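Structural description and commentary
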Amino acid sequence: QKEVEQDPGPLSVPEGAIVSLNCTYSNSAFQYFMWYRQYSRKGPELLMYTYSSGNKEDGRFTAQVDKSSKYISLFIRDSQPSDSATYLCAMSPGTASKLTFGTGTRLQVTL
Amino acid sequence: EAEVAQSPRYKITEKSQAVAFWCDPISGHATLYWYRQILGQGPELLVQFQDESVVDDSQLPKDRFSAERLKGVDSTLKIQPAELGDSAMYLCASSFGQGTSYNEQFFGPGTRLTVL
């Protein structure tokens, strides 16, 4: 069983929809939780990170971490075609530790 | 805006040949990471450097892969001999690597390797 599980999708939604992306994990040592966006043939870029449990909001994006359930989520409001990409969750136990990634969820936002 | 540079962007080689990838991290970043991303999967760490020292190479197939960061700046990842299963995207990332706050890892564009 992988340390981080993520539904690979693909997920197709109409423009303007609210998107919910999720990951579960098994390693209790994870303290930092990240969401990366990766466009085709590009490197991942960090969208948001959260330390420990709680919520964090940045514009149309909201990240939630529930350490008791070992479950993290990313919500995208008012989704746009430019949001079409693969979204990777990632986790680490420390500030400069390696990242453990999920498989990524491919999102397609249609007009 | 400072970026992580990687070259080449694409590499096609035949199995049993040697290949090498180069990474230039963001200036001032002490920590450098090499990840491998197989199509349809998330990146997995191959090796992590702190300055010129290896911090973690537990997932590096040492019989065929080698990595160095001689002056603690740029880095080279080598595969010899390449195998069909090595076809993947090789991503380099760097972070400031110091202090107590979270160190964001910045990724380069990657080198896509195809082994025929």
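As a starting point, this report considers the structure included with it.

About the cut-offs
Residues numbered from 1 in each chain as written. Chains lettered and ligands numbered in written order. Predicted model: local features only at pLDDT ≥ 70, side-chain atom pairs only at ≥ 80, totals over all residues. Heavy atoms only, no water. Helix = DSSP H or I, 4+ residues; strand = E, 2+ residues; numbered from the N terminus. Rg over C-alpha atoms; globule rule 2.2 N^0.38 Å. Contact = heavy atoms within 4.5 Å. Areas by Shrake-Rupley, 256 points an atom, 1.4 Å probe, with all protein chains shown as cover. Lys, Arg positive; Asp, Glu negative; His and termini not counted. Charge placed at Lys NZ, Arg CZ, Asp CG, Glu CD. Buried area = accessible area lost by both parts, 1.4 Å probe. Salt bridge = Lys/Arg side-chain N within 4 Å of Asp/Glu carboxyl O. Polar contact = N/O pair within 3.5 Å; in protein donor to acceptor, adjacent residues only side chain to side chain. Buried < 20%, exposed > 50% of the residue type's maximum accessible area, 1.4 Å probe, protein only.

For the rest of this paragraph, the subject is the overall build of chain B. What chain B contains, in helices and strands, is zero helices and 11 strands. When the helices and strands of chain B are read in sequence order from the N terminus, they spell out β-β-β-β-β-β-β-β-β-β-β. For a compact globule of 116 residues, the expected C-alpha radius of gyration is about 13 Å, and chain B comes in at 14 Å, within 12% of that figure. By principal-axis analysis of the C-alpha atoms, chain B measures approximately 45 × 30 × 25 Å. Sequence-distant contacts, at least 24 apart, represent 53% of the contacts inside chain B between residues at least 6 apart. Here chain B displays about 5800 Å² of accessible surface, and carbon together with sulfur accounts for 48% of that area. Seen as two clouds, the 10 positive and the 15 negative side-chain charges of chain B have centres 7 Å apart.

In this section: the interface of chain B and chain A. The partner chain A presents 20 residues to the 24 residues of chain B that form the contact. Of all residues in chain B, Pro43(B), Tyr102(B) and Phe107(B) give up the largest surface area on contact with chain A, accounting jointly for 33% of the area buried on that side. Connecting chain B to chain A are zero salt bridges. In this structure, the connection of chain B to chain A is made through six residue pairs in polar contact (both at pLDDT 80 or more). Those elements that place two or more of their residues in the side of chain B that touches chain A are strand 4 (31-37), strand 5 (44-50) and strand 9 (88-95) of chain B. Considering every element that reaches the side of chain B that touches chain A, the biggest residue donor is strand 4 of chain B, with three residues.

Pairing between side chains of opposite charge can happen when their charged atoms approach one another. Residues and elements named next belong to chain B. Under the definition given, this model contains seven salt bridges over all chains. For Glu83, the salt bridge goes to Arg64, with nearest N and O atoms at 3.4 Å. Remark: Arg64 occurs in the loop between strand 6 (53-56) and strand 7 (65-68) and Glu83 occurs in the loop between strand 8 (75-79) and strand 9; sequence separation between them is 19 residues. The exposure class of Glu83 is partly exposed, given its relative accessible area of 40%. What makes Arg64 buried here is its relative accessible area of 12%. The salt bridge partner of Asp86 is Arg64, with a shortest N-O separation of 2.6 Å. Linking Asp86 in the loop between strand 8 and strand 9 with Arg64 in the loop between strand 6 and strand 7, this pair joins segments that are 22 residues apart in sequence. Of the two residues, Asp86 and Arg64, both sit in the buried class. Bridged by salt links that share partners, the residues Arg36, Arg64, Glu83 and Asp86 form one connected network.

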